[in-house]
Amino acid sequence: FQSTSSFMYGVTQVIPFPVAVINGRDFVSYNSYLFELRHYMHYYETQQNVNFSTTAGKQHLAVFKQRSLNQALQNAYVNQLATTNNLSVSNGDIDNAVALVRSENRLGANNQVFQNVLNEFWGWSMNDFRQELSQELMAQKVVNKLDTQTHQKANQALSELKQGADFATLAKQVSEDNSTSS
């Protein structure tokens, strides 16, 4: 069936059809997949004028479908790891992330402009944007929890900066990017 219509998206928000299984026990919902796919489709149709009914458009769509499935699977793994490690994202965490985006004025100066930009570029409502931010914040928390060596390295660098270390010198010492560490 593989419908990407707004109707089917709405149905999958109510009925959690599985699209994949991870670790033989947890389902990845079709809704999660469609959430990822639909924002790619919206952006490329409205901002890049890609016609998904052409041969080239169908090739693009096949890539976006695979990318969306991979992202939905990754999100499911992140959520599974978060549950295992008792990690969560609060509404306050999301509110702070929205406030940060707003303070940088990256998506508009007022609520209406902000919502218009979300809808125009990604076809998202504010709730969709919050859902995306929640998933990104969860992934950050999982990485911070599981990658203790990098977390300790970052805390050590921050401590040195607070004690007056030169940022450029410290960046060269701790950077893993060859172009900035030399």
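The structure we're discussing is the one just above.
On a predicted model such as this, the values are computed, not experimentally measured, just so you know. (Residues numbered from 1 in each chain as written. Predicted model: local features only at pLDDT ≥ 70, side-chain atom pairs only at ≥ 80, totals over all residues. Heavy atoms only, no water.)

Novice: Give me the nonpolar core: which residues, what numbers.
Specialist: Residues Leu107, Phe114 and Phe129 are the most contacted members of the largest nonpolar core, which totals 35 residues. Mapped onto this core, the elements with two or more residues apiece are helix H1 (6-14), strand E1 (18-22), helix H2 (30-46), helix H3 (55-84), helix H4 (91-103), helix H5 (111-122) and helix H6 (126-146). A total of seven residues in this core trace back to one element, the largest contributor, which is H2. Phenylalanine 114 has contacts with Val98, Val101, Arg102, Leu107, Gly108, Met126 and Phe129, leaving out every residue within four places of it along the chain. (Core = buried A, V, L, I, M, F, W, Y, C linked by side-chain atoms within 4.5 Å. Buried < 20%, exposed > 50% of the residue type's maximum accessible area, 1.4 Å probe, protein only. Helix = DSSP H or I, 4+ residues; strand = E, 2+ residues; numbered from the N terminus. Contact = heavy atoms within 4.5 Å.)

Novice: How would you explain the environment of methionine 138 if you had to name every residue and give the values?
Specialist: Within the secondary structure layout, methionine 138 lies in helix H6. Methionine 138 gets classed as buried once you look at its relative accessible area, which sits at 11%. Counting along the chain gives 59 residues from methionine 138 to asparagine 79, while the straight-line C-alpha distance between them is 7.4 Å. Sequence-distant contacts of methionine 138, that is, excluding residues within four places in its chain, are made with Val78, Asn79, Ala82, Leu87, Ser88 and Val89.

Novice: Account for the pairing of E1, with residues named and values stated.
Specialist: Where E1 meets strand E2 (residues 26-29), four bridges bridge the pair, whose relative direction is antiparallel. Each residue of the ladder has a partner; that of valine 21, found in E2, is phenylalanine 27. (Pairing = 2+ DSSP bridges.)

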